[in-house]
Amino acid sequence: MRQLASAIIFILIVSFQSLHAVPNNGNQHDSIPHSALLLSDYIQYPSVTGNEKQAGQYLATMAMLKGMHVEVFTNHTDTFNFAASLYPLSLNKPNIIFLNHIDVVPAENSEQFTYPPFSGTIANGQVWGRGAIDNKGMAVMQLLAMEQFVDLAREQDLPYNVTLLSVSGEETGGHAGAKIVAERFAHKLSPMVVFGEGGTGLPKVLVNDPDKKVFTISTTFKRSLWLKLTLSMNTSGHGSVPPKKYAVQEKVRSLYKIVRWNRKVVFSKTTRNMFRELGRLEGGMRGVVLRNLGLFRPLAVRAMRQDEVIYSLITNTITITGIQTPPGPPNVIPQEIEVILDCRLLPDVDTHEFISEIRKVLDNSDVKIEILEENAVAPPSEIGECYKRMANALQVIYPKSGVIPILMPASNDNNYFRALGIPTYGIMPVFMSMEQIESIHNVDERIPIEALELGTQVYIELLKQYFE
Ligand SMILES: [Zn+2]
């Protein structure tokens, strides 16, 4: 593998050209921080999922040039996964993993972008383009923080390794990236802790103090479970004389029961922690309620039902995402109907128990239920030493900010590592405005250079806590 990496570095150094896109001020390079220039270059490799290799090779080369040890795990156009570490992985040191993904979502409606989505334009104090936030900006912060420790690692025998782990395919479920790495290469990485994407710094989290910066670190997530429900019924085929029972009608009846199903509210250990910490920051009567959910449950639940996001964090949700019958003219009664459900389960919920609850609600034994796909079960990560170090690092760089552990409503690559029992925390250590957050997967994705610099500082501070 290492020879492969050396070959890559050779090819890339030979063919590497500076790509920096800087409008109107091309000769002011010196005043632009290295982080912005690096991100600008990285964005210019349009690594839409399935096409990660070139961008990955670029980042691996940059890591190598900064003195890191690169190991490429898989080396194909659509699955390029590599580790860049302070020490060779063969030393098996307990490893602090900085996880990020190389792939980006496509840039549709590119004509609506202020700057072309893969131009990596640096303008107005920001780096613009697809991946600026999700997730190339984070990789740049991680890499530049690690760079600060390369010499120290050479001079001393540090107790831990640090690895930048860059993977493919996150945006389509991680099968070409994190899943492969976790299943086939985790033993090589000797992971002690993983810091990946997930939460971030948000405004207006606290009702009583909307200006306070609050960072959210995800410690667990809701698992997706995709189900296909099929109902077949042999009935007469003509729509002019409807039979008492036919597949589509029966299906609609049982779906209506699913829609009206008032699902149980569950406060898991993670959500309790989340609301307790939020309550501590919030203060006032709201804070008292959040800190004592056992006592104020009816009041809290009534309020939480009103907010879609909060409600999704305390219930298993079911979304009907597809209804299909075989093609036919409007006057022919289909003999079969298929429905797709996107279910999101709270941590600790068992798939088969959940499916049997659905069966009960459907109240139709003829409906066949098939699992299309589900996330692996993974234990929530503890609010332990590694969590606290990240929380401290955030509060050193952003004084007076708050930090809370959260349950993510959706899963990401972190899940594959949590499933192995490795403590895994999801946090992009920058404070973002709502406008910037909305630019993710959208037009005009961009990140302020200041955020890039501060995020890098957070990772440096984090590593200091391990090494000093
Ligand atoms: Zn992402």
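Treat the numbers as computed from the prediction; the structure is a model and nothing was measured.

**With respect to the coordination of the zinc ion**
Coordination sphere of the zinc ion, protein contribution only: His101 (NE2), Asp134 (OD), Glu197 (OE) and Glu197 (OE), at 1.9 to 2.4 Å. One way to put it: the 4 donor atoms around the zinc ion meet at angles of 55 to 152 degrees, and that makes the site irregular. Mapped onto the sequence, the residues coordinating the zinc ion show the spacing H-x32-D-x62-E. One end of the pair, His101, is in strand E3 (residues 95–101); the other, Asp134, is in the loop between strand E5 (126–128) and helix H4 (136–147), with 33 residues separating them in the sequence. Of the residues examined, His101 reaches a relative accessible area of 1% and is grouped as buried.

**With respect to the nonpolar core**
Counting residues in hydrophobic clusters, the biggest one holds 74 residues, and the most contacted among them are Phe82, Phe195 and Ile447. Take this core: its biggest share by element is 10 residues, from helix H16 (residues 449–467). Grouped together as the second largest cluster of nonpolar side chains are 23 residues, Leu206, Phe267, Ala378 and Ile404 included.

**Some remarks on the packing of aromatic side chains**
Counted by the stated rule, this structure contains 15 aromatic pairs. Between Phe80 and Phe82 the ring centres are 6.0 Å apart and the planes differ by 55 degrees, which places this aromatic pair in the tilted class. In terms of burial, Phe80 and Phe82 fall into one category: buried. Plain terms: the ring middles of Trp261 and Phe354 are 6.3 Å apart, the flat faces sit at 25 degrees to each other, and that makes the pair stacked. In this pair, Trp261 is assigned in the loop between helix H7 (247–260) and helix H8 (269–282) and Phe354 in helix H12 (residues 351–362), connecting sequence segments 93 residues apart. Overall, the relative accessible area of 1% leaves Phe354 in the buried class. In this structure an aromatic cluster arises from ring pairing among Phe98, Phe195, Tyr387, Tyr425 and Tyr459. Seen from the ring of Tyr466, Arg389 lies directly overhead, with NZ or CZ sitting 4.6 Å from the centre.

**Focus on the confidence of the model for the chain**
Detailed reading of the predicted coordinates is not advisable wherever pLDDT falls low. Considering every residue of the chain, the mean pLDDT works out to 91; 94% of them sit at 70 or more. When the criterion is pLDDT under 50, residues 1–18 qualifies, and its contacts beyond four places in sequence or with other chains add up to 25 contacts.

**Remarks on the layout of surface pockets**
Here the second largest pocket defines a volume of roughly 260 Å³. Taken together, 15 residues form the lining of the second largest pocket, with Lys264, Val266, Asn316, Val349 and Glu357 sitting closest to its centre. Residues that form the lining of the second largest pocket fall into these classes: 6 nonpolar, 3 polar and 6 charged.

**As for the pattern of salt bridges**
Taken as a whole, this structure holds 17 salt bridges when the rule is applied. When the shortest N-O distance is used, the salt bridge between Glu183 and Lys179 registers 3.2 Å. One end of the pair is Glu183 and the other is Lys179, both in helix H6 (residues 178–189) and 4 residues apart, which spans about a single turn. Lys464 is paired through a salt bridge with Glu461; the nearest N and O atoms lie 3.8 Å apart. Residue Lys464 and its partner Glu461 are both found in helix H16; the two are separated by 3 residues, about one turn of the helix. One connected set of salt bridges, linked through shared partners, spans Lys228, Glu338 and Glu370.

**Focus on H8**
With 14 residues, H8 should reach 20 Å at 1.5 Å per residue; the first-to-last C-alpha distance of 20 Å fits that figure. Within H8, burial applies to Thr270, Thr271, Asn273, Met274, Phe275, Leu278, Gly279 and Glu282. Considering only its buried residues, H8 is in contact with strand E8 (214–221), helix H9 (284–291), helix H10 (297–305), helix H11 (308–313) and strand E13 (402–408). One or two residues past the end of H8 sits Gly283, with phi positive at roughly 70 degrees.

**Description of the pairing of strand E9 (residues 223–232)**
Along E9, 8 of the 10 residues are buried, which leaves the element largely enclosed by surrounding structure. Judged from the 10 bridges that link them, E9 and strand E11 (residues 336–345) form a sheet pairing that is antiparallel. Considered in E11, the bridge of Thr230 is made with Glu338. Pairing analysis gives 6 bridges linking E9 to strand E12 (residues 368–374), with the strands arranged antiparallel. Opposite Leu227, over in E12, you have Ile371 as the bridge partner.

Cut-offs applied
Residues numbered from 1 in each chain as written. Predicted model: local features only at pLDDT ≥ 70, side-chain atom pairs only at ≥ 80, totals over all residues. Heavy atoms only, no water. Donors = N, O, S within 2.8 Å, 3.2 Å for Na, K, Ca; no water. Tetrahedral: all angles 85-135°; square planar, octahedral: opposite > 155°, others 65-115°. Helix = DSSP H or I, 4+ residues; strand = E, 2+ residues; numbered from the N terminus. Buried < 20%, exposed > 50% of the residue type's maximum accessible area, 1.4 Å probe, protein only. Core = buried A, V, L, I, M, F, W, Y, C linked by side-chain atoms within 4.5 Å. Phe/Tyr/Trp six-rings, centres within 6.5 Å; stacked < 30°, edge-to-face > 60°. Lys NZ or Arg CZ within 6 Å of the ring centre and 35° of its normal. pLDDT = per-residue confidence, 0-100. Contact = heavy atoms within 4.5 Å. 1 Å grid on protein atoms, 1.4 Å probe; cavity = no way out; pocket = protein on both sides within 12 Å on 5 of 7 lines; lining within 4 Å. Points joined across faces, edges and corners; volume = space filled by probe spheres on them. Nonpolar A, V, L, I, M, F, W, Y, C, P; charged D, E, K, R; others polar. Salt bridge = Lys/Arg side-chain N within 4 Å of Asp/Glu carboxyl O. Expected span 1.5 Å × (residues − 1). Pairing = 2+ DSSP bridges.

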